[in-house]
Amino acid sequence: MEGEYIFEQLWKDLNEGYQIYYTYMGKRYLLSKLKSNCYSRELIEENSKGPHPKTQMITLKTVMELFPFMENIEYRVNF
């Protein structure tokens, strides 16, 4: 990926139908857009026991708050 990856690019890619895998605090998640201001965050890898929900509905504001901490971002096309 050339240049710095910015939130606006992530948002554009979600709007174009991409599903995005990322790591957050040692756990692997899948992020996808369901409809306007409604996103799904699914826990993919669970390394330990914990109270983390398997799937969550989150808002764009939450996605924006998570973005600076996302690591190992990958794409999957959902067409």
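Structure: above.
Here is what the cut-offs are and how they apply
Residues numbered from 1 in each chain as written. Predicted model: local features only at pLDDT ≥ 70, side-chain atom pairs only at ≥ 80, totals over all residues. Heavy atoms only, no water. Helix = DSSP H or I, 4+ residues; strand = E, 2+ residues; numbered from the N terminus. Buried < 20%, exposed > 50% of the residue type's maximum accessible area, 1.4 Å probe, protein only. Contact = heavy atoms within 4.5 Å. Areas by Shrake-Rupley, 256 points an atom, 1.4 Å probe, with all protein chains shown as cover. Polar contact = N/O pair within 3.5 Å; in protein donor to acceptor, adjacent residues only side chain to side chain.

1. Considerations on the overall build of the chain
Thought 1: Of regular secondary structure, the chain possesses 2 helices and 5 strands.
Thought 2: Across the 79 residues that make up the chain, the buried fraction comes to 34%.
Thought 3: Residue pairs at least 24 apart in sequence account for 44% of intrachain contacts in the chain once pairs closer than 6 positions are excluded.
Thought 4: For the chain, the exposed surface amounts to about 5,400 Å²; the carbon and sulfur share of it is 51%.

2. With respect to the side chain of Ser-40
Thought 1: The topology assignment puts Ser-40 in strand β3 (residues 38-45).
Thought 2: In this view, Ser-40 contacts Leu-30, Leu-31, Ser-32, Leu-34, Thr-55 and Gln-56; residues no more than four positions away in its chain are not counted.

3. Brief notes about the environment of Arg-41
Thought 1: Mapped onto the elements, Arg-41 comes out in strand β3.
Thought 2: Taking the relative accessible area as the measure of exposure, Arg-41 reaches 12% and is therefore buried.
Thought 3: It is 10.0 Å that separates the C-alpha atoms of Arg-41 and Gln-19, two residues lying 22 residues apart in sequence.
Thought 4: Looking at Arg-41, its side chain comes within polar contact range of the side chain of Gln-56, at 2.2 Å.

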